[in-house]
Amino acid sequence: MATLRAAITGVGAYLPEYILTNDEISTMVDTTDEWIMQRIGIKERRISKNPLEATSDLGVKAVKDLLKKTKTTPGEIDMLICATITPDMPFPATANIIAQKVGINNAWSFDLNAACSGFVFALSTAVQFIESGRYNKVIVVAGEKMSAITNYTDRTTCPLFGDAGTAVLLEPTIEDVGVVDYINRVNGLGRHHLHMKAGGSLLPATHETVDRMEHFVYQEGQVVFKAAVSSMADIAEEIMLKHNLKSEDIAWLVPHQANMRIIDATARRMGLGTERVMINIQKYGNTTSATIPLCLWDYEKKLKKGDNVILVAFGAGFTWGSVYLKWAYDSN
Ligand code: UT7
């Protein structure tokens, strides 16, 4: 019997119009374009300036783009998973809000919190529902309004993040394409080095937590950097070895876009030159769960049916993972 796989059959995205440049950031905190380019590799990022625009709105625009591109109606969708760490509100799930706003009324939906590994974890989850034969059309949204939790007086974190909404459609296939395998890992001790201190049940919001700026991203950059470099390179190599993939077999590496130096280290370990690595960190910064699908959307026209693609991510938690997939379609 032919193996049933889940394949990405379309990618949608939405980017807010406002471009926050390094030069503008240099007027807000003590930094320079040169430092940010050398140490991180980000030139600019998109920021939602509309106070009424939440993560669900970024997600809705991405889902509408996806439905249009794939000629799918909202009523055909069986399930929607939203990977985000910037939900519209702590509850209910942003996935439910997106589904309602788009008119996806015959489905169930839920949020998944794995920070920068959110897309990889949500994709791995969605795959189960397709491979089991239970569902035919599952949407994975990865969306973040990172500007809502970024402290623009902290030079160590504010250059890093951007806002974006992305969405992919997963459908079953019996062809030799689609998601072949994934490896996902977590280490809860990592929470000490990258988190948001207040606003949860451990430290509910008070005037004091607001005064202490504890409702923003807190990151110990160097600790996270070291863990990201080794974990991303290790898990990318692990999935290559497991599937006997040599570097020449890989058409594209799609790494999480947190820091150009982390991307370079991962590509080096995999024996790949930058011509086979999707990179758009310079334009959009770190959009957390959205970076990998944003790369797929950006490079969609270059992808060819049957291409071996490795996704690899690392994020707060700590969480990290890799996905091996064979691209399922030619664009145009
Ligand atoms: O996506 C989730 C996972 N997140 C990541 O993967 C991020 C991982 N971490 C990083 O990418 C890097 O650690 C950062 C980009 C956050 C920081 O770069 P770094 O090279 O590790 O810098 P550092 O934290 O070691 O700081 C070195 C110096 C410090 O000054 P002193 O103490 O040596 O005087 C910082 O205060 O650089 C200073 N610094 C800056 N200087 C100018 C930190 N941020 C800036 C800045 N502009 N924006």
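Residues numbered from 1 in each chain as written. Predicted model: local features only at pLDDT ≥ 70, side-chain atom pairs only at ≥ 80, totals over all residues. Heavy atoms only, no water.

A. Quick peek at the state of the cysteines. Evaluation of the coordinates by the stated rule reveals 0 disulfides. Not engaged in a disulfide, the cysteine Cys158 finds its nearest cysteine sulfur in Cys116; these two sulfurs lie 16 Å apart. Cysteine Cys295 remains unbridged, with the sulfur of Cys116 as its closest cysteine sulfur at 13 Å. (Disulfide = S-S within 2.5 Å.)

B. Summary view of the sheet that holds strand E5 (residues 108-112). Taken in spatial order, the 5 strands line up as E1-E7-E6-E4-E5 in an open sheet, and their pairing is mixed. The open sheet is flanked by strand E1 (5-14) and E5, the only strands paired with a single partner. Pairwise comparison of adjacent strand axes, ignoring direction, gives a mean angle of 20° for this sheet. Packed on one face of the sheet, helix H10 (residues 291-298) meets E1, strand E6 (138-145) and strand E7 (163-173) and runs near 85° to E1. (Pairing = 2+ DSSP bridges. Helix = DSSP H or I, 4+ residues; strand = E, 2+ residues; numbered from the N terminus. Axes fitted to C-alpha atoms, helices over the stretch in contact; angles between N-to-C directions. Contact = heavy atoms within 4.5 Å.)

C. Main features of the site of the ligand. Lining the immediate environment of the ligand, one finds 21 residues, of which Thr31, Arg155, Gln222, Asn259 and Asn286 sit closest. Measuring from a nitrogen atom of the ligand, one finds a backbone N or O atom of Arg155 at 2.9 Å. Contacts to the ligand include Arg261, whose side-chain N or O atom sits 3.2 Å from an oxygen atom. Within the complex, 74% of the 950 Å² of free accessible area of the ligand lies under protein. Going through the elements one at a time, helix H2 (33-39), helix H7 (221-242) and helix H8 (260-269) are the ones with two or more residues in the shell around the ligand. Both of domain 1 (5-176) and domain 2 (180-326) provide at least three residues apiece to the shell around the ligand. (Near = heavy atom within 4 Å. Polar contact = N/O pair within 3.5 Å; in protein donor to acceptor, adjacent residues only side chain to side chain. Areas by Shrake-Rupley, 256 points an atom, 1.4 Å probe, with all protein chains shown as cover. Domains from an automatic or database assignment.)

D. Quick look at the packing of helix H3 (residues 55-69) against helix H4 (residues 94-102). Between H3 and H4, the shortest axis-to-axis distance is 9 Å and the interhelical angle comes to 50°. In terms of orientation, H3 and H4 fall into the oblique class. Classified by chirality, the crossing of H4 by H3 is right-handed. Along the contact surface, H3 presents Thr55, Ser56, Asp57, Gly59, Val60, Val63 and Leu67, while H4 presents Thr94, Ile97, Ile98, Lys101 and Val102. The residue makeup of the contact of H3 with H4, split by class, is 6 nonpolar, 4 polar and 2 charged. (Parallel < 35°, antiparallel > 145°, perpendicular 65-115°, else oblique. Left-handed = near helix turned anticlockwise from the far one by under 90°. Nonpolar A, V, L, I, M, F, W, Y, C, P; charged D, E, K, R; others polar.)

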